[in-house]
Amino acid sequence: MKKFIAIVCFIFLILFCNSNLFAQIGDAKNMKNWELKGYGQYAVKIGDTYAAINFYNVLLERKPKSKKYNFLLANLYLKNRDYVNAQKFFYRTYELDNHNIDALFCYAQMLKIHGNFDEAMVQFKNYEKIAKKLNRYTINKSKLVNEIEGINFAQLHKDIPVNDKINHLGNSVNKADIECSPTFLNDTTVVFTSSDADTLQNILMTENNNKKCRKFFSMHKNNDNSWQRDLKTEAPFFNDTLSHSGSGCFSLDKTRFYFTKCTENWKYKMICNLYVTEEIHGKWGIPNMLNDKINDPNFTTSQPAVGSCYMDNLDVIYFISDRPGGVGGLDIWYTVYNPVTKEYTKAANAGVFINSSNDEKSPFYDVESHALYFSSNGWPGIGGLDIFRSFGDLVNWSVPENIGAPLNSSYDDLCYTVHPNHEFGFFTSNRTGSIYNSHEHCCDDIFSFTKIKNENIPFTAKISVHDISKQFNQSDFQQSDSLQFIENIKGKTASLFLTEGTAEPIFLAKKIINENGNFEFNLVKNKTYKIFIEESNLAENSIAFNTLGDSVSSIDLGIVAMQIIPENPILLQSILYYFDVATLSDSAKLYLDTTLVKFMHEYPEISVEIYSHTDNKGGDLYNRNLSQKRADNVVKYITDKGIAETRLRAIGLGFSQPKAKNTNDDGSDNPIGRQLNRRTEFKIFKEKFADGN
């Protein structure tokens, strides 16, 4: 009890004193156990994992079989990304305590990070076997599935030819500390985040007067295509000496710059907030912190990326946060900025289609392809943080896809960005070859990638619009007649959607159809698409196609004929009735087979109203009943051909809407006019009938 009180008092003392923890590290071997525990706990509390490792290693030398300290050290090494020692101590923990299957799972993860996929698979399966036997999954089953699927993905794709040439930028850009968040300013200038430290520093434990905060730097491209770090940056890349600045992006119109500033709160937690500075009359203003709709004083808000949505006058600002209401860990959130009202919407989570139960980081939005690139350790990956791509916006996303090697390695890969021409870009990684000080994978460096060949698949098409009634008004109708050009659909919008593996189509892009009816898009391989033409009077306003197969390099649909629905009813020209007859003749049935029945099979989304008429011989009630029978017979014949009855509605109009005169001007009978009035017409509706009949 006395020893416990002493430990508590010691912790209380160091929390409220300006002790220099580094001064104590060298004396660790001379400390008593309770002192080592106290300093170790304090170092963990304030985030100095390097100091904590030192204290707990001394403790472990004295108690080498301690399951607690072996496991604690394993997790501290993992937090520092010292994967070699983490693997050693996770394995040692499991040897000492085979009921600690968490340690077994983490050991398998370390094997995977080191690229030892076969042995990692054995240990993940071993974990699964033991968890089933104990009926105790200490790790969420989905995480286990993701780890196994990630190994399968890595092995399946290891022999596929790569299309990216990777280059480490070297010490002309990278230093011992972390470099991250590269952002293009133009073809030859990139801004990024780093400190100017030549040796690794623990920022949390460095004295304020010696602290080297992370801040904005820029680099430029030399004539030999190498990159060189610049000495300083100018507005809007604002830095200060008391907080960490970085991870910035421009608005779509380039008049606003969003970035992150981070400071330590009283609980020693690093809290980041989003700031914005605006360009007014050619000058950048003072940065302002975004309001509490977006920033939360108790949780981090960082790493902004600006994207677009279907309303292209709005900015969607994606960012990372650990606030409540997320799916798990660090999630992707967003706010929408309206340049007209100059207001931001309340922050919203981007949803379960893109966020996992683990961490998502470093979003980057490619506006042209409508794709969000981000890093995650919660989706099936090769190891550590992998870069993923998902198409969509706001909360509507396609299934995230791993972009594969060589951009992804078995280590941490993040901060993907690509030039607008899609030919080259940058990312950061702690893979082998990065500059390090304390251990090999401690720190992220900037790498460049160059596309060996362009991955875009150009798509072109031409739309022409034709009157749908033509095919019903010629008894000798041929399908080729529908290709007769009536008018261009210039000025209308063609919207591209991804239809792969989603309940709802994912919007990607839209183009205005030009005066010749032409439009074009850039696509990616092995996807299924649909284009919607925004014209409400088209019988079918979509075009479905795909880019499946490695041989697909371009798609040209040529002329795509679309049929416009007229406002007035369409005459079924070859349906003729004798006087007082409601049945369909054989020729009328054949005509229906080749026109309306065929049309309704081709366009399953449309419904029709059938209108039948009479001449004016007989009373009003009699003729209404007769015309209703005629309409009912048409509907019955069509439903017998496999068309759902809910898509049809029969309406008898009697002689209320004559098409021709029943009598001549001199009062004599007009049999030709009467024949024209004994007719059947139909009107097309794109929506389903509300009453179902």
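Some remarks on helix α5 (residues 67–79)
The end-to-end C-alpha distance of α5 is 18 Å, a good match for the 18 Å that 13 residues give at a rise of 1.5 Å each. Residues of α5 that are buried include every one of Tyr-69, Asn-70, Leu-73, Ala-74, Leu-76 and Tyr-77, and no others. Within α5, the buried residues cover an arc of 165 degrees as seen down the axis, which keeps them to one side. Away from its buried face by more than 90 degrees, α5 exposes Lys-68 and Lys-79. Looking at the buried residues of α5, the elements they touch are α3 (33–45), α4 (49–62) and α6 (83–96). Arg-81 sits one or two residues past α5 and shows a positive phi near 60 degrees.

Considerations on the pattern of salt bridges
Using the criterion set out here, one finds 25 salt bridges in the structure. In this structure, the salt-bridge partner of Arg-81 is Asp-444, at a minimum N-O distance of 3.1 Å. Placement of the pair is Arg-81 in the loop between α5 and α6 and Asp-444 in the loop between β22 (424–429) and β23 (445–451), with a sequence separation of 363 residues. Overall, the relative accessible area of 12% leaves Arg-81 in the buried class. The salt bridge partner of Asp-322 is Lys-269, with a shortest N-O separation of 3.0 Å. You can see Asp-322 sitting in the loop between β12 (315–321) and β13 (331–338) and its partner Lys-269 sitting in the loop between β7 (256–264) and β8 (270–280), a full 53 residues away along the chain. Salt bridges sharing partners connect three or more residues here, namely Arg-389, Glu-401, Glu-500 and Lys-527.

Points about the sheet that holds β22
Strand pairing in a sheet relies on backbone hydrogen bonds, with the paired strands running either antiparallel or parallel. Taken in spatial order, the 4 strands line up as β1-β23-β22-β21 in an open sheet, and their pairing is antiparallel. Both edges of this open sheet fall to β1 (164–168) and β21 (413–418), since each of them pairs with a single strand only. Neighbour-to-neighbour, the strand axes of the sheet open up by a mean angle of 25 degrees, direction not taken into account. By the bridge criterion, 6 bridges tie β22 to β23 in an arrangement that is antiparallel.

What about the pairing of β12?
The buried count for β12 comes to 7 of 7 residues, which makes it a mostly enclosed element. Of the two faces of β12, both are covered, the one formed by Asp-315, Ile-317, Phe-319 and Ser-321 as well as the one formed by Val-316, Tyr-318 and Ile-320. The pairing of strand β11 (residues 301–307) with β12 spans 5 bridges and is antiparallel. What sits directly across from Thr-301, in β12, is Ser-321. In terms of strand pairing, β12 meets β13 through 7 bridges, oriented antiparallel. Opposite Tyr-318, over in β13, you have Tyr-334 as the bridge partner.

With respect to the packing of α4 against α5
As a packed pair, α4 and α5 sit with axes 10 Å apart at the nearest point and diverge in direction by 155 degrees. Between α4 and α5, the angle is such that the two are roughly antiparallel. Considering how the two elements wind past one another, α4 and α5 form a crossing that is left-handed. Residues Thr-49, Ala-52, Ile-53, Tyr-56, Asn-57, Leu-59 and Leu-60 of α4 pack against Tyr-69, Asn-70, Leu-72, Leu-73, Leu-76, Tyr-77 and Lys-79 of α5. Residue composition of the contact of α4 with α5, grouped by class: 10 nonpolar, 3 polar and 1 charged.

Criteria and thresholds
- Residues numbered from 1 in each chain as written.
- Predicted model: local features only at pLDDT ≥ 70, side-chain atom pairs only at ≥ 80, totals over all residues.
- Heavy atoms only, no water.
- Helix = DSSP H or I, 4+ residues; strand = E, 2+ residues; numbered from the N terminus.
- Expected span 1.5 Å × (residues − 1).
- Buried < 20%, exposed > 50% of the residue type's maximum accessible area, 1.4 Å probe, protein only.
- Arc of directions from axis to C-beta.
- Contact = heavy atoms within 4.5 Å.
- Salt bridge = Lys/Arg side-chain N within 4 Å of Asp/Glu carboxyl O.
- Pairing = 2+ DSSP bridges.
- Axes fitted to C-alpha atoms, helices over the stretch in contact; angles between N-to-C directions.
- Parallel < 35°, antiparallel > 145°, perpendicular 65-115°, else oblique.
- Left-handed = near helix turned anticlockwise from the far one by under 90°.
- Nonpolar A, V, L, I, M, F, W, Y, C, P; charged D, E, K, R; others polar.

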